[in-house]
Amino acid sequence: MSTHPFLGLAPLSAARFASIEDRVARLLRTTQDVVIMQGEALLPLEGAIRATAGPGTTALNVVTGPYGQTFGDWLRDCGATVIDLAVPFHTAVTAGRIREAFAAHPEIDFVSLVHAEAATGNTNPVAEIGEAVRAQGALFYLDAVASIGAEPVLPDAWGVDLCVIGAQKAMGGPAGVSAVSVSERAWARMAANPRAPRRSYLSLLDWKQRWIDGGRTALPHAPAQLEMLALEACVERIEAVGLETVTARHAAAAAAVRAGALALGGGLEPYVHDAAQAAPVATTLRAPSGTVASELVARALAVDPALPLAAGGGALAKEMIRVNHYGPDATPGVVRASLTALGTALAERGLPVDVQEALRAADHGWR
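No experiment lies behind these values; they were computed from the predicted model shown. (Residues numbered from 1 in each chain as written. Predicted model: local features only at pLDDT ≥ 70, side-chain atom pairs only at ≥ 80, totals over all residues. Heavy atoms only, no water.)

Here's the deal with the pairing of strand 4 (residues 110-114)
Then, number 1: Counted residue by residue, strand 4 has five buried out of five residues, so it is predominantly covered.
Then, number 2: Because side chains alternate across strand 4, one face comprises the buried residues F110, S112 and V114, and the other comprises V111 and L113, equally buried.
Then, number 3: Strand direction decides the pairing type here: strand 2 (residues 58-63) and strand 4, joined by three bridges, are parallel. In the sheet register, N61 faces strand 4, and the bridge partner there is S112.
Then, number 4: Relative to strand 7 (residues 139-143), strand 4 runs parallel, the two being bridged by five bridges. Within strand 7, the position partnered with V114 by the bridge is D143. (Buried < 20%, exposed > 50% of the residue type's maximum accessible area, 1.4 Å probe, protein only. Helix = DSSP H or I, 4+ residues; strand = E, 2+ residues; numbered from the N terminus. Pairing = 2+ DSSP bridges.)

Concerning the state of the cysteines
Then, number 1: Across all of its chains, the model carries zero disulfides by this definition.
Then, number 2: Of all cysteine sulfurs in the structure, the one in C163 sits closest to C78, which takes part in no disulfide; the separation is 19 Å.
Then, number 3: The class for C78 is buried, based on a relative accessible area of 5%.
Then, number 4: Of the cysteine sulfurs around C163, a residue in no disulfide, the closest is that of C234, at 15 Å. (Disulfide = S-S within 2.5 Å.)

Side note on the packing of aromatic side chains
Here a ring pair, both rings aromatic, is described through the centre-centre distance and the interplanar angle of the planes.
Then, number 1: Going through the model one piece at a time under the given rule, you end up with seven aromatic pairs.
Then, number 2: Considering the side-chain rings of Y67 and F71, the 6.5 Å spacing of their centres and the 45° angle between planes classify their relative orientation as tilted. Highlighted residues: Y67 and F71, both in helix 3 (residues 66-77), separated by four residues, approximately one helical turn.
Then, number 3: The exposure class assigned to F71 is buried, which follows from its relative accessible area of 0%.
Then, number 4: Look at F110 and Y141: their rings are 6.0 Å apart centre to centre, the planes differ by 35°, and that puts the pair in the tilted class. Of this pair, F110 sits in strand 4 while Y141 is found in strand 7, placing the two residues 31 residues apart along the sequence. Accessibility assignment for this pair places F110 and Y141 in one class, buried. (Phe/Tyr/Trp six-rings, centres within 6.5 Å; stacked < 30°, edge-to-face > 60°.)

The structure is reproduced here in structure tokens:
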């Protein structure tokens, strides 16, 4: 009988599982407990909200993209009173707006925020927002799935109580497992919440009681072995080159795409107006007037189907082009190929473009 290197593996031990958690904690520069959950990042994102929010919660839910909208839905489903702070998707929220919300609603005791929205291409100033949240004394929940590996993520320094990450974007790792760092304040909030999931796949309290409090010697259930090994390999690769090197590569890719798009012409322009508010994980572009973004992307992918190009989701499919230059695609070659393909698609629509000037700008912008 033939075999395969992914089959017939020895079971993943509790010690090996715990060591991977420790490496993820070091990646986050955190001394908080880190739980690696056995599913895509939506699992801890939902589990953390349902564990800490309930009818007595007043939540400030910051909406800078589609995930913020989802978090608001979960919070309402938990019975929380939700105050949505929405900003246009082409910008970021500011700490000043957060403080204004606290002044208007001093009862706020929970804040949910997405660090970087890969879907819209913006990133929020979490360090400054964290200062405001600490002053309020609220619990701080952060979705850092798209930002980890592309820009600094520092839950301890920023006062984040629940920081959820996934490896499938800038880390260049698997999508089947994810992690959340949990502060002592967050654990206490869960323990006091009678509606927190228990004896459930969503339950963080089950992991604490059966895994962490037991000294991490016996896993609650069989782990997703291949995904855990892939996560371990992914973190090893980042450790080998240095996290700062990985984040610098993503920042360089974002700067190069932005510069190249501006130089390309044809009416293509950055979707996020301010470069300081643009996420390093992916660059979003506004399609020229009179064109449809999804059609331009389809034509560009006909040039090279492997390019990390996508149209925006939902209604944004008409106006937004996403260049998902993360993980293995954060390279000068991918940036150049993406700009070339977009230039071809625009030229076919009769729009004046200068691909060579775009490539020169991208090369100069890579820094």
